[in-house]
Amino acid sequence: MSEPTYYSPRGGHPRQDQLLTGRAVFTEAYAVIPRGTVQDITTSRLPHWEGTRLWIIARPMSGFSETFSHYLMVVGPGGGSDRPEPEAGAESALFVTEGAVTLVLEGASHVLEAGGFAFIPAGATWSLHNHAGPEARFHWIRKRYQVAEGLGLPDPIIANDREIAPDPMPDCDGRWATTRFMSPDDLRHDMHITVVTLQPGASIPFAETHVMEHGLYVLQGRGVYRLNQDWVEVEAGDYMWLRAFCPQACYAGGPEPFRYLLYKDVNRHATLL
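A few points on the structure. Sequence order as written defines the numbering, with residues in each chain counted from 1. Only residues with pLDDT of at least 70 are given local features in this predicted model, and only at 80 or more are side-chain atom pairs given and counted; all residues enter the totals for whole chains, interfaces and linings. As a rule here, side-chain values come from all non-hydrogen atoms in the structure, and water together with hydrogens is ignored.

Quick look at the pattern of salt bridges
What counts here: Salt bridges are defined as contacts in which a side-chain nitrogen from Lys or Arg sits within 4 Å of a carboxyl oxygen from Asp or Glu. The numbering of helices and of strands both runs from the N terminus, where a helix is a DSSP run of H or I of at least 4 residues and a strand a run of E of at least 2.
Under the criterion given, the structure shown has 18 salt bridges. Between glutamate 98 and arginine 10 there is a salt bridge, with its nearest N and O atoms 2.7 Å apart. Highlighted residues: glutamate 98 in strand 5 (residues 90–98) and arginine 10 in the segment before strand 1 (25–26), separated in sequence by 88 residues. A salt bridge links glutamate 135 to arginine 137; the nearest nitrogen and oxygen atoms lie 2.8 Å apart. Taken together, the shared-partner salt bridges in this structure form one network comprising Arg10, Glu98, Glu135 and Arg137.

Description of empty space enclosed by the protein
Cut-off, in case you're wondering: Residues are called lining when one of their atoms sits within 4 Å of a cavity or pocket point, these points coming from a 1 Å grid over the protein atoms alone, where a cavity is a set in which a 1.4 Å probe fits but cannot get out and a pocket is an open set with protein on both sides within 12 Å along at least five of seven lines. Grid points are joined across faces, edges and corners, and a volume is the space filled by probe spheres set on the points.
Scanning the entire structure with this criterion turns up one cavity of 30 Å³ or more. Approximately 40 Å³ is the volume found for the largest cavity. Forming the boundary of the largest cavity are Pro9, Leu72, Met73, Val74, Thr97, Arg137, Phe138 and His139. Of all the elements in the fold, those that place two or more residues in the lining of the largest cavity are strand 4 (68–81) and strand 10 (136–144).

Observations regarding the pairing of strand 18 (residues 230–235)
Put simply, the rule reads: By this definition, two strands are paired if DSSP reports at least two bridges between them.
Alignment of strand 17 (residues 222–227) against strand 18, held across six bridges, turns out to be antiparallel. Bridging across to strand 18, valine 224 finds its partner in glutamate 233. Here strand 17 hands over to strand 18 after two residues, with asparagine 228 in that stretch at a positive phi of 60°.

Notes on the sheet that holds strand 1
Taken in spatial order, the eight strands of this open sheet run 1-2-19-16-21-14-13-12, and their pairing is antiparallel. For this open sheet the edge positions go to strand 1 and strand 12 (167–168), each flanked by a neighbour on one side alone. For strand 2 (residues 30–33) and strand 19 (residues 239–242), the ladder comprises four bridges, and the chain directions are antiparallel. The residue bridging tyrosine 30 from the neighbouring strand is leucine 242, located in strand 19.

Have a look at this one:
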């Protein structure tokens, strides 16, 4: 298997001579936010974060994401935060795509480089800074933790995508595999963050239709994704949000592996209204 790469957004603005036509789609069942929409004019900033800008590509709102938010973070040299998370009940997952950040989690210091992952339980004390020099880019996924009676909080996790052997899916000769950062048997977790890899020409060979809400950020390669009744071409840097029960399947294009960072909510009862 080739060495993985991780797409990082650059920002900027398109030239004035470019057409307005794009690939962005927003429906009741899914959304596609292509990398071309990640421009300087769409950035945000956060309180208590220095030298930092970000793109918010998913957030809880009626008719869209209901369980999580997803940020694309850019932290400049010397930037970061000693007060990163304002909500005590929020858990976080970080995934670094470029540069390096120093995460201090419950007093222990960790340097996360490209492919680096951290799970931060709700209520944990943490800070993050860029001491390495060049801009650091990473994903920050946030979710309000759903407490399950009799189960404690999950433990912090520090890992790296490059150091974890992907688990092949059944009956696919290793052409479709999942890199798991959380154990699927640990019911303390109410969300899973994984990296899904499909080799060129491989597919998810049926229309998955199930209760989990998904956020998918394409890290590498390109593919054709079935979303509800539509086929959508996606490439590195594109983002997809899928509502619960949205049918989904895909084919991987070539010549490199098609890899995406995947969020899904798991291991909890459906809330009764």
